[in-house]
Amino acid sequence: MRKPVSLAVTGIVSLGALSLAACGSSSPSSSGSPQAGTPITIGVSVSLTGDFSGDGKALVQGYDLWAQDENAKGGLLGHHVTMKYVDDASSTTQVVTNYQNLITQDKVALVFGPFSSLLTIPASTVTDRFGYAFPEPAGGGPSVFNRGIHSLFFVQPAPVEDNLVSFTQWVLSLPAAQRPATAAYSTEDDPFTQPQVDKARALLEAGGVRTVSYKVYPAETTDFTPLAQQVISANADVVILGTQEPDAVAFIKAFQQQHYNPKALVETAGPDQGSDFATKVGTANTEGVMVPAGWWSSAKTPFNATFVSEFIAKYGGTPGDIPSDAPEAYSVGEVVDQAAQKAHSIANSALIAALHSGTFQTVQGPMAFDSLGRPNGASFLVQWQNGLTVPVYPPSAAVAQPEYPKPAFSG
Amino acid sequence: MTLILEAVVFGILTGGVYALMASGLTLIFGVMRIINVGHGALVILGAYLSFALLRSANIDPFVSLVITMPAMFLIGVVLQVIFIRPLKDDREALSVLVTYAIALGIEGLLGYLFTNNFVQLNAWYETASFAVFGFHIAYVYLFGFGLCLAVLGAIFVLLYRTTFGSAVRATMLNRTAAQLVGVNVDRVSAIAFGIGVSTAAAGGVIFGMTNAFNPGSHYDLISRLLTIIVLGGLGSLRGAVIAAVAMLIIEDVTAVVISPVWASFAFFLLLVIVLVVRPQGLYGIRVRERI
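Sequence order as written defines the numbering, with residues in each chain counted from 1. Ligands are numbered from 1 and chains lettered from A, in the order in which they are written. Selection of residues for local features in this predicted model requires a pLDDT of at least 70, selection of side-chain atom pairs for listing and counting requires 80 or more, and totals for whole chains, interfaces and linings are taken over all residues. Side-chain measures here rest on the full set of heavy atoms in the structure, leaving out hydrogens and waters.

### Concerning the overall build of chain A
Okay, step 1: A tally of regular secondary structure across chain A gives 14 helices and 14 strands.
Okay, step 2: This radius of gyration counts C-alpha atoms alone. The globule rule is 2.2 Å times how many residues there are, raised to the power 0.38. Computed over the C-alpha atoms, the radius of gyration of chain A is 24 Å, within 12% of the 22 Å expected from 2.2 N^0.38 for a compact globule of 411 residues.
Okay, step 3: Taking the principal axes of the C-alpha coordinates as reference, chain A spans close to 90 × 55 × 40 Å.
Okay, step 4: Three labels apply to residues, based on accessible area from a 1.4 Å probe with only protein chains included: buried if under 20% of the type maximum, exposed if over 50%, partly exposed otherwise in between. Burial analysis of chain A (411 residues in total) assigns 55% to the buried set.
Okay, step 5: Residue pairs in contact within chain A that sit at least 24 positions apart in sequence constitute 68% of those at least 6 positions apart.
Okay, step 6: Put simply, chain A shows about 15,200 Å² of open surface, and 57% of that area lies on carbon and sulfur atoms.
Okay, step 7: Within this scheme the basic residues Lys and Arg register as positive and the acidic residues Asp and Glu register as negative, but His and the chain ends are omitted. The location of each charge is read from NZ of Lys, CZ of Arg, CG of Asp or CD of Glu. Computed over 21 positive and 34 negative side-chain charges, the inter-centroid distance for chain A is 6 Å. The way it works is that DSSP assigns letters per residue, a run of H or I at least four long becomes a helix, a run of E at least two long becomes a strand, and they are numbered from the N terminus. We call two residues in contact whenever any of their non-hydrogen atoms come within 4.5 Å of each other. Under the convention used here, a 1.4 Å probe and the Shrake-Rupley method define accessible areas, while residue burial counts only the protein chains that appear.

Structure representation (structure tokens):
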């Protein structure tokens, strides 16, 4: 007869424990604004290890520099800012755990985004569920925006799939006698790279540039020799590669080995990593390589010159050493600051509403967001010339003429 | 046709590098019956040691092997004595956990010392190439293949032409029986582990010259190396060499003829077929355990 009693006691105790646990983990405040003048913590999941670790560290640099500047001028609407970073190891499952913990355990006031579309997609599902605004610097693939989330804001000038639009416009603007007739494409199957390449291919084909090779390869590929062989054997006038930095470097080295020199070469990422890229391929071999960019160190955008000098003072190096991730992260802080001033609040609901209206000034230039957080601007075409990246298209932003055809690799 | 020929040639050359890396792994399994899942991390450690010598003293990556291979041998012996030798019961299962912990430790240490940014070993022969059959082969692949032949040849001579090699092969065949006839199994195991780890240094140099790498690169690498030694037959050096070359040729040819997306699948298809026909792999020895 004791068994039912003990079961009942166990049940009551369990229910009591659950109730206590529920009371203990009060839901975080996403709509309320912290008391004026109180310090706040902003939580970020960053990739300090794994595939995106290089980019993750650059994001931290950008975020830290913004927090330093923000606190120097009195804080975010009077709130002293502390950044809290947790490593997601470039993992799509860890990034979800991290944002859940930041919001429910650490009760951070705000959250900023991680690196890559791959991590932003699962992360934004969590932050949206808790009603947090999710300004993010690096998740701009189409799959980020097609889920109907209104709390996410991609803080770059253009959606990722439009990154190569400037390149295609430049190609199609060339006089008929110079215009390339054929193009070869090879891209990682990544939500950052493939949409860019696919859109460029559609635009160039519509403009009369024939596709002679198109290959998609798994992101975990380590041997790029056969991929480069296919591009080389197609012998196209222009080569368009959907790369991150390691494969961007590997392709260029394979082209050098095979003495292959296309008239134009554009890569979605890699050449935007400044001197790090130049060191890996050799500065002489960077000449003429193109990459889409929303930012470059000499851009005449608001506060950019100060950002560059502060970055060098804090982290060392030269303007060419600044990875594009850092100004992108810095811009996240800038748009949040302006939205907070506009809303007179740092409550997440107020920030979401404010970010959906008006234009925000950043080191990457002005930007505004549609109802799904897509930026409405355009990215630029940047080319390596004499050891530096310079904007070459569109003409309104260009400081140099595009080098075409591209000089041969030094071998 | 040139494209397929080129894929086959590069498959053989790159396969040699993987054979070199896998040879250490299969040797360690053969002698100690442990699965060293930290072998990929040791390859990356070898690449970083050469990277450090290149950056600090401008020592050519191939020349650096004169320093890194003995150093890695000593590291291997120390790891075996401290972490592997104490495992007496259920060695195969426990060794996976212990060597995984070693891999994580190496990854953490390398991340602390070198950051997690991708790096690559550079030398003039990395991009310099010569023409053959209508395409170009970079000297690094040729030198790398030569190094593979030299190291693998040395291991074969050691195993089949020396007294120590006889002791190693006796241990590989039957650990207990080897002990009974007077082989110092602990000593043989430590030296074999050291040799396996020093081959990782040689493999790491070529891997580091043909791939960008960071401390986390060992995860992809170990999965490929384990696949190679399973296909070749656990403990078989000859099997590891043939499986590595087969793997790279199949992947490279599939990538150029069909699609890079199907490259790994094509190899795994072969792996499954072989294991259905020969569960012990190409050159593995079928062991009947007493119940």
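From this point, things continue past the structure.
### Here we look at the interface of chain A and chain B
Okay, step 1: Contacts between the two partners involve 30 residues from chain A, matched on the other side by 34 residues from chain B.
Okay, step 2: Buried area: the accessible surface (1.4 Å probe) lost by two parts on joining, summed over both. Across the chain A/chain B interface, buried area totals approximately 2,600 Å², and carbon plus sulfur atoms make up 48% of it.
Okay, step 3: Contact with chain B buries surface across chain A, with Thr 222, Gln 229 and Gln 257 of chain A losing the most and accounting together for 22% of the total.
Okay, step 4: Throughout this description, the term salt bridge denotes a Lys or Arg side-chain nitrogen within 4 Å of a carboxyl oxygen of Asp or Glu. Taken together, chain A and chain B are joined by 1 salt bridge.
Okay, step 5: Two residues, Lys 253 of chain A and Glu 126 of chain B, come together in a salt bridge whose shortest N-O distance is 2.2 Å.

### Structural notes on the packing of helix H5 (residues 139–161) of chain B against helix H6 (residues 163–173) of chain B
All names here are of chain B.
Okay, step 1: In this description, a line fitted to the C-alpha atoms serves as the axis of each element, helices being fitted only across the stretch in contact, and the angle between N-to-C directions of two axes falls anywhere from 0 to 180 degrees. Axis separation between H5 and H6 bottoms out at 5 Å; the angle between their running directions is 85 degrees. Comparing their axes, H6 and H5 come out roughly perpendicular. From H5, Leu 158, Leu 159 and Tyr 160 reach across to H6, where they touch Phe 164, Gly 165, Ser 166, Val 168 and Arg 169.
Okay, step 2: Here the residues of the contact of H5 with H6 are counted per class, giving 5 nonpolar, 2 polar and 1 charged. Oblique is the label for every angle not falling under 35 degrees (roughly parallel), over 145 degrees (roughly antiparallel), or within 65 to 115 degrees (roughly perpendicular). Think of it as three bins: nonpolar holds Ala, Val, Leu, Ile, Met, Phe, Trp, Tyr, Cys and Pro, charged holds Asp, Glu, Lys and Arg, and polar takes everything else, Gly as well.

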